[in-house]
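Take a look at the letters that make up each chain.
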Amino acid sequence: MAIVTLTSDFGHRDAYVAILKATLLTLEPNINIIDISHEVEPANIAHGAFVIGSAYANFPKKTVHLIAVDSLGTPDNKFIAVEIDEHIFIGADNGLMSLISEFEPDRVVLISEGEKTSFPAKDILAAQAIKLSNGTALDDIGTEYLEMKKFLKRSVKANKEEIVGHVAHIDHFGNLITNILKRDFDILSKDKKYTIGIGKEYIYELNYSPSEVDAGDCFVLFNHMGLLEIGIKNGRADQLLGLEFDSPVWIKFNN
Amino acid sequence: MAIVTLTSDFGHRDAYVAILKATLLTLEPNINIIDISHEVEPANIAHGAFVIGSAYANFPKKTVHLIAVDSLGTPDNKFIAVEIDEHIFIGADNGLMSLISEFEPDRVVLISEGEKTSFPAKDILAAQAIKLSNGTALDDIGTEYLEMKKFLKRSVKANKEEIVGHVAHIDHFGNLITNILKRDFDILSKDKKYTIGIGKEYIYELNYSPSEVDAGDCFVLFNHMGLLEIGIKNGRADQLLGLEFDSPVWIKFNN
Amino acid sequence: MAIVTLTSDFGHRDAYVAILKATLLTLEPNINIIDISHEVEPANIAHGAFVIGSAYANFPKKTVHLIAVDSLGTPDNKFIAVEIDEHIFIGADNGLMSLISEFEPDRVVLISEGEKTSFPAKDILAAQAIKLSNGTALDDIGTEYLEMKKFLKRSVKANKEEIVGHVAHIDHFGNLITNILKRDFDILSKDKKYTIGIGKEYIYELNYSPSEVDAGDCFVLFNHMGLLEIGIKNGRADQLLGLEFDSPVWIKFNN
């Protein structure tokens, strides 16, 4: 069965997710619908992009990812389908697509020029998602689109002396996930000692797993996404370290 | 695969939903179970009826909708299966069924006269839902029942001068969904200007989509259910407009 | 389709659950994944054990239950697969397994000696869960393990004069679920009157269903798990009775 994933800011209190699923299942009863998250903060594009960005690569190539975050759009908003890293993403042209991955999209098509509906995920995106999951090519559901809305990702400054990044996501456990990549760290840290600065804390050693520290202690590691992550074992790092979304985190290399 | 939907006030903290699913799957491994919502407020019949009422028509005809909201019943409560608009609903005879739809039920059967269990969704409703989803007729699982508990829906007053309705639901985004139907508005508004009154705000024009307004502005539209809905783009209309469940909303026609 | 259930403390805000599902589906597209709960309190072993313990017996025998609660472990933590009552549980050797059931495990195997990963549910448990769900024997995925970490369950004192137990779980509705078994009560209560003590309240009669009492009144019954449960109809017993996790509850028999 082909897979369609859903990421939205719909929450669990209403029937919006179920209405979307019913629409998908009516179009294609043999579809496997997997929820990524419906607890994205309302209209928070950065949050939505982080959630789908952290998950998509674990699904098989060609999976269709329907994204209904801030999906109502503005008058000039359009709906697009994007291919990145052999995955297909479909949603509003609100900038979220440009924040999902460090890769540039391989292709972007414009699906609709703003058909008027108060529920575009159901009325526009569902039908196109099913077509795409059935193997229809991107070019057959829209026209090439070169003006996709782009937001700059919070940049990481990396040189021989230091890497400076930011908190990109605070998860359910209160762990702080940064935009600092293991790949960059590995290149720059060769044979060097380092100091990691998190708020007022200095850390001199990376962990491999939270299992290395005791309850209440801080761990710093590169996580399953290859991103620097800071946590307090059995505690909330965001509260205990006083950091929030976008707070700076740095690594200095000592020669 | 036949579909059974689930709507409950069970929440996500405990295993109640999973126990219900396990019971359904043990009876019929080839059933497609779709969650509508499990975040209905405990025993809130109006909330439960709105949620299932907003969703059911998007599912294929003959879908079975198991409703476990206030499903424990009272000594004289009974469990019923109801056919409305070619959909089948099964749950407690607690009045919720009468609030799902503007249509009168086509048929109501009494399933059980209150078998004593503390978990009727699992012990009574699951087995009947599976039978119904397999095509068993309503008459084969119960006896005709003419005394279904009925609550009056909050009425809408509609005449040539005005329509007066109420807030019927506040959704996850803080949008206010009223019981005013587009169908009534279309008939009464012909060639007339109108004023929409929401708390202390007056609105003179309907939107087609929230995409027509700017962030922070109010939109008023007929939604995917054909109901008048009021929201604040990227804000919570309930808090910003000071309205709550049951607050009046009116449309006056100017000749 | 074989069933794998998931119980975790991952919450619904992030993509952790979806990443785990993607990993399972990539390994075995024909697997039926059922969520038990992802709202277990972070690292709360007693909560996790109660949730999976209340649910597992409703699934078919041989179901594989993947448990990702406090699953990061400590340096000496290991990952184990356990057979209890013909069900298979897989997770960290953190003591949770010993609290699931009153039955002793029939078999315990050690899967891994702490491979270093920050996401063992995905990197270690998923692959083993799929093997087990495909019928691989426990002995083929690990070696016999006699040192499983054991916690003593909160004990129940039961004799001819009284049963003294404790609140083992507070559910979504605020109902208090104790560790007092109907089986023990039935043996000891024969032909005797009894007094049930809950905080400052005395109760002299058991209910069969909450449907026997009026809104706002207290009900006391043996629930679907055979455990003594105390609730307030349409209210929160935890708040109204002032009881919490671990509070004592007793039954005295009058001769």
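Residues numbered from 1 in each chain as written. Chains lettered and ligands numbered in written order. Predicted model: local features only at pLDDT ≥ 70, side-chain atom pairs only at ≥ 80, totals over all residues. Heavy atoms only, no water.

What follows deals with the overall build of chain A. Helix and strand content of chain A: five helices and 15 strands. Taken against the 2.2 N^0.38 rule, which gives 18 Å for 255 residues, the C-alpha radius of gyration of chain A at 20 Å falls within 12% of a compact globule. With the C-alpha coordinates aligned to their principal axes, the bounding extent of chain A is approximately 60 × 35 × 35 Å. Out of the 255 residues in chain A, the part that is buried amounts to 60%. Accessible surface for chain A amounts to roughly 10,900 Å². Of this, 48% is attributable to carbon and sulfur atoms. When the 24 positive and 37 negative side-chain charges of chain A are each reduced to one mean point, those points stand 3 Å apart. (Helix = DSSP H or I, 4+ residues; strand = E, 2+ residues; numbered from the N terminus. Rg over C-alpha atoms; globule rule 2.2 N^0.38 Å. Buried < 20%, exposed > 50% of the residue type's maximum accessible area, 1.4 Å probe, protein only. Areas by Shrake-Rupley, 256 points an atom, 1.4 Å probe, with all protein chains shown as cover. Lys, Arg positive; Asp, Glu negative; His and termini not counted. Charge placed at Lys NZ, Arg CZ, Asp CG, Glu CD.)

Glancing now at the pattern of salt bridges. Within this structure, the stated rule accounts for 41 salt bridges over all chains. The partner of Glu41(B) in a salt bridge is Arg13(A), and the shortest N-O contact between them spans 2.7 Å. With Glu41(B) in the loop between strand E2 (31–37) and helix H2 (45–55) and Arg13(A) in the loop between strand E1 (2–8) and helix H1 (16–27), the pair connects residues from two separate chains. Notably, a salt bridge pairs Arg154(A) with Asp246(A), separated by 2.9 Å at the nearest N-O pair. Pair noted here: Arg154(A) is in the loop between strand E7 (143–144) and strand E8 (157–158) and Asp246(A) is in the loop between helix H5 (237–241) and strand E15 (248–254), with a separation of 92 residues, a long-range link. When its relative accessible area of 29% is taken as the criterion, Asp246(A) is described as partly exposed. Among the ionic contacts, a cluster of salt bridges with common partners joins Glu83(A), Arg107(A) and Asp139(A). (Salt bridge = Lys/Arg side-chain N within 4 Å of Asp/Glu carboxyl O.)

Residue and element names in this part refer to chain A. Closest axis-to-axis distance for the H1/helix H3 (residues 120–133) pair is 9 Å, and the angle between their directions is 40°. It follows that H1 is oblique to H3 by the angle criterion. Our pair here, H1 against H3, has a crossing hand that is right-handed. Residues Ile-19, Leu-20, Thr-23, Leu-24 and Leu-27 of H1 touch H3, and the partners they reach there are Ala-121, Lys-122, Ala-126, Ala-127, Ala-129 and Ile-130. (Axes fitted to C-alpha atoms, helices over the stretch in contact; angles between N-to-C directions. Parallel < 35°, antiparallel > 145°, perpendicular 65-115°, else oblique. Left-handed = near helix turned anticlockwise from the far one by under 90°. Contact = heavy atoms within 4.5 Å.)

The interface of chain B with chain A comprises 34 residues on the first partner and 27 residues on the second. Taking both sides of the interface into account, the surface hidden between chain B and chain A amounts to around 2,400 Å²; carbon and sulfur atoms contribute 59%. At the boundary of chain B with chain A, the tally comes to two salt bridges. In this assembly, chain B and chain A are joined by nine residue pairs in polar contact (both at pLDDT 80 or more). The set of elements that each furnish at least two residues to the side of chain B that touches chain A consists of E2, H2, strand E9 (162–170) and strand E13 (218–222) of chain B. No other element matches the five residues that E2(B) contributes to the side of chain B that touches chain A. Here the side of chain B that touches chain A is built from residues that sort into 14 nonpolar, 14 polar and six charged. (Buried area = accessible area lost by both parts, 1.4 Å probe. Polar contact = N/O pair within 3.5 Å; in protein donor to acceptor, adjacent residues only side chain to side chain. Nonpolar A, V, L, I, M, F, W, Y, C, P; charged D, E, K, R; others polar.)

Here the focus is the relation of the copies chain A and chain C. Comparison of the two chain copies shows a relationship of rotation about an axis with a shift along it. Superposing chain A onto chain C takes a rotation of 120° plus a shift of 0.0 Å along the axis, which leaves an RMSD of 0.0 Å. In short, the pair behaves as if placed about a three-fold rotation axis. No C-alpha of chain A approaches the rotation axis more nearly than that of His12(A), which lies at 5.6 Å. Little of the interface of chain A is mirrored in chain C, where only 3% of its interface residues are also at the interface. (Least-squares fit on C-alpha atoms with pLDDT ≥ 70 in both.)

With that settled, the discussion passes to the relation of the copies chain B and chain A. Of the two same-sequence chains, chain B is brought onto chain A (RMSD 0.0 Å, axial shift 0.0 Å) by a rotation of 120°. Looking at the interface residues of chain B, only 3% of them are also at the interface in chain A, so each copy uses its own face.

So, about the interface of chain A and chain C. Accessible area lost upon the coming together of the parts is a frequently used measure of interface size. Opposite the 33 residues of chain A that make contact, chain C presents 27 residues. We note a salt bridge from Glu212(A) to Lys116(C), for which the minimum N-O separation is 3.5 Å. Take the side of chain A that touches chain C: its biggest share by element is five residues, from strand E2 (residues 31–37) of chain A.

Before going further, it helps to spend a moment on unusual backbone geometry. Despite not being glycine, Glu86(B) has its phi angle at roughly 70°, a positive value. Mapped onto the fold, Glu86(B) is located in the loop between strand E4 (79–84) and strand E5 (87–92). In the Ramachandran plot, Asp246(C) falls in the positive-phi region, its phi being about 85° despite a non-glycine side chain.

Here we come to the domain arrangement of chain A. Residues and elements named next belong to chain A. Domain parsing of chain A yields domain 1 (2–144) and domain 2 (157–254). Distance between the C-alpha centres of domain 1 and domain 2: 31 Å. Both sides of the domain 1 and domain 2 interface together cover about 530 Å² of buried area, and 71% of this is carbon and sulfur. If you sort the residues of domain 1 by the area they bury against domain 2, Phe-50, Ser-54 and Glu-102 come out on top, with a joint share of 76%. (Domains from an automatic or database assignment.)

It is worth spelling out the packing of aromatic side chains at this point. With the rule as written, the count across this model stands at 27 aromatic pairs over all chains. On the numbers, 5.3 Å between centres and 45° between planes, the contact of Phe185(A) with Phe222(A) is tilted. Taken as a pair, Phe185(A) in helix H4 (residues 182–188) and Phe222(A) in strand E13 (residues 218–222) lie far apart in primary sequence, 37 residues in all. Relative to Phe119(C), the ring of Phe10(C) lies with its centre 5.9 Å away and its plane at 85°, an arrangement referred to as edge-to-face. A residue pair is termed long-range when its members are at least 10 positions apart, and Phe10(C) in the loop between strand E1 (2–8) and helix H1 (16–27) and Phe119(C) in the loop between strand E6 (107–112) and helix H3 (120–133) qualify at 109 residues. Overall, Phe10(C) belongs to the buried group, its relative accessible area being 6%. Taken together through their ring pairs, the aromatic side chains of Phe10(A), Tyr16(A), Phe119(A) and Phe173(B) make up a single cluster. (Phe/Tyr/Trp six-rings, centres within 6.5 Å; stacked < 30°, edge-to-face > 60°.)

Looking at the secondary structure, you find Ser118(A) in the loop between strand E6 (107–112) and H3. Beyond its immediate chain neighbours, meaning those up to four positions away, Ser118(A) contacts Leu72(A), Tyr208(B), Pro210(B), Leu221(B), Phe222(B), Asn223(B) and His224(B).

All names here are of chain B. With respect to burial, strand E11 (residues 193–198) is a largely interior element, five of its six residues being buried. Of the strand pairs in this sheet, E11 and strand E15 (residues 248–254) are connected by six bridges, and their pairing is antiparallel. When the bridges of E15 are listed, Gly-197 appears paired with Trp-250. Note that E11 and strand E12 (residues 201–203) share three bridges and pair antiparallel. Along E12, the bridge assignment pairs Ile-196 with Ile-203. Here E11 folds back onto E12 in antiparallel fashion, the turn holding two residues, of which Gly-199 has a positive phi close to 55°. (Pairing = 2+ DSSP bridges.)

All names here are of chain A. Note on placement: Thr-7 falls in strand E1. Along the sequence, Thr-7 and Ile-84 sit 77 residues apart, while their C-alpha atoms lie 17 Å from each other. Apart from residues lying up to four places away in sequence, Thr-7 is in contact with Ile-36, Ser-37, Val-40, Gly-48, Val-51, Ile-52, Leu-66, Ile-67, Ala-68 and Val-69.

Here the focus is the side chain of Thr178(B). Along the polypeptide, Thr178(B) turns up in strand E10 (residues 176–181). Excluding its chain neighbours within four sequence positions, the residues that come into contact with Thr178(B) are His166(B), Val167(B), Ala168(B), Leu227(B), Leu228(B), Ile230(B) and Val249(B).

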